[in-house]
Amino acid sequence: MRTQVGIIGAGPAGLVLAHLLHLRGVDSVVLERHTRAHIESRIRAGVLEQGTVELLCDIGLGERLMGERMVHSGLELLFDGVGHRVPLKELTGYQVTIYGQHELVKDLVAARLATGRPLLFGVSDVTVDPAGTIRFVHDGKPVELECDLIAGCDGFHGVSRSVIPKPVVFEHVYPYAWLGVLAEAPPSSEELIYAHHAAGFALHSMRSPQLTRLYLQVDPDDSLESWPAARIWEQLRLRLSRVDTDWRLADGPIIEQSITGLRSFVVDPMQHDRLFLAGDAAHIVPATGAKGLNLAIADVVALDACHASGRLASYSDICLRRVWRVQHFSWWMTSMLHRVPDPFAAHLQLSQLRYLTSSTAAATSFAENYVGLPLNR
Ligand code: FAS
Ligand code: PHB
């Protein structure tokens, strides 16, 4: 087989890149190791930056998103039992969108299939030659795909990153993890609530008027077995409790739960020869800042632009500037909100939260980073 761009991975990065290339008449082949049903049911990110939404609409992928999304003009920081709203739109002119990543992947897969260009599910034994060849097995047959360019969009556990010779790897593993639950319960708040609490961090989010998405800080070696539903709801109620209103958390059947470790990770450079890494294949941010999905899409927007303008040599540098800004914000927000055993750090956290919610300058700086920087178009 031969194509202009071989794309490994049908996540947000790979599928958005495939569509951007299609719009320019550039041929590509997308290779995915899982089934369509698997990738369309994986519950992951939920927050889209306005720049991401505008990009998706610009390229004709925003119809269902615009019809089903929830739009938030603010969020709440809860600490010392009192909620403090950060008016994102008032401070920055931007708002954020709630739309589940699995819904976006459904839209992206449908758009890819509608183009008639190849999207191969269930591939295995993928190997990458950065000079431009991808080898894999599909339907039991070995395939050799010759490419002008290879996009490694295969996520943190993919194969592409290992092909970069002697990269500089930056990694910070946090001493806590997130237990995420999806509950059949109407959201108890119109906007997101990020809670700092002595018992640990908690986050109230949502996926629809019927589905609440909630997260709890847990120990990194915790297992789902040690978190029965009763304990989950007890800790969520404790950590989201407040003294300023009679607010109550609605509960309901938990239909999905998972524990995800938190890490910051960057590989530099993000390219070698004809191979270009994008998204989680190149970097991971702790989910606190709701950046992973948005950063992945920003990478492929930059890759498409570099490919179109003949500036592929500067792809990695262009992406890493944005990656490090997002890394810093995600690390800062994570470190501010999660319980740590060190009393000194706990006082610094509360001081930061009190300053952020009492100074317009501090709140604006937080809001600018949270709503996202303009995409590198
Ligand atoms: P993805 O991991 O989404 O996609 C990579 C694709 O490549 C996958 O479909 C995989 O099957 C495929 N693949 C891997 N190896 C392959 C191979 N050898 N051959 C072919 N295909 C291969 N981000 C947030 O902003 N907020 C969140 O709340 C949040 N929660 C998360 C929860 C979990 C459990 C995880 C793992 C991530 C979460 N993230 C969150 C981050 C997540 O949304 C990513 O940032 C986003 O999926 C990145 O998109 P991609 O780079 O496309 O990688
Ligand atoms: C989510 O809804 O999955 C979500 C929202 C905000 C975050 C992280 C995850 O910071």
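Below, the structure is looked at part by part. From a predicted model like this one, the values you see are computed outputs, not experimental measurements. (Residues numbered from 1 in each chain as written. Chains lettered and ligands numbered in written order. Predicted model: local features only at pLDDT ≥ 70, side-chain atom pairs only at ≥ 80, totals over all residues. Heavy atoms only, no water.)

**A word on the overall build of the chain**
Thought 1: Per the secondary structure count, the chain includes 11 helices and 19 strands.
Thought 2: By the compact-globule yardstick of 21 Å for 377 residues, the chain fits well, its C-alpha radius of gyration being 21 Å.
Thought 3: Projecting the C-alpha coordinates of the chain onto the three principal axes gives extents of approximately 65 × 40 × 40 Å.
Thought 4: Positive and negative charge centroids in the chain, built from 34 and 41 side chains respectively, lie 2 Å apart. (Helix = DSSP H or I, 4+ residues; strand = E, 2+ residues; numbered from the N terminus. Rg over C-alpha atoms; globule rule 2.2 N^0.38 Å. Lys, Arg positive; Asp, Glu negative; His and termini not counted. Charge placed at Lys NZ, Arg CZ, Asp CG, Glu CD.)

**Describing the pairing of strand β16 (residues 254-268)**
Thought 1: The pairing of strand β12 (residues 168-183) with β16 spans 13 bridges and is classified as antiparallel. Bridge pairing in β16 places H172 opposite S264.
Thought 2: Note: β16 against strand β19 (residues 283-284), 2 bridges, orientation antiparallel. The residue of β19 that forms the bridge with F265 is I284. (Pairing = 2+ DSSP bridges.)

**Some words on the site of ligand 1**
Thought 1: The environment of ligand 1 is made up of 32 residues, and the closest members are E32, R42, R44, Q101 and D280.
Thought 2: One of the side-chain N or O atoms of R42 is found 2.8 Å from an oxygen atom in ligand 1.
Thought 3: Here ligand 1, which alone exposes 1000 Å², has 88% of that area covered by the protein.
Thought 4: The greatest single-element share of the shell around ligand 1, amounting to 3 residues, is contributed by helix α8 (residues 292-309). (Near = heavy atom within 4 Å. Polar contact = N/O pair within 3.5 Å; in protein donor to acceptor, adjacent residues only side chain to side chain. Areas by Shrake-Rupley, 256 points an atom, 1.4 Å probe, with all protein chains shown as cover.)

**With respect to the side chain of D304**
Thought 1: Position of D304 among the secondary structure elements: in helix α8.
Thought 2: Look at D304 and you get buried, because its relative accessible area is 11%.
Thought 3: A polar side-chain atom of D304 sits 2.8 Å from a polar atom in the side chain of R24.
Thought 4: Every residue in contact with D304, bar those within four places of it in the chain, is listed here: L17, L20, L21 and R24. (Buried < 20%, exposed > 50% of the residue type's maximum accessible area, 1.4 Å probe, protein only. Contact = heavy atoms within 4.5 Å.)

**What to know about the sheet that holds strand β7 (residues 96-98)**
Thought 1: Strand order in this open sheet of 3 strands is β3-β7-β4, and the pairing throughout is antiparallel. Where the open sheet ends on each side, the last strands, each with one partner, are β3 (47-49) and β4 (70-72). The average undirected angle you get between the axes of adjacent strands in this sheet is 30 degrees.
Thought 2: Here β3 runs beside β7; their pairing, made up of 3 bridges, is antiparallel. Looking at β7, one finds that L48 is bridged to T97. (Axes fitted to C-alpha atoms, helices over the stretch in contact; angles between N-to-C directions.)

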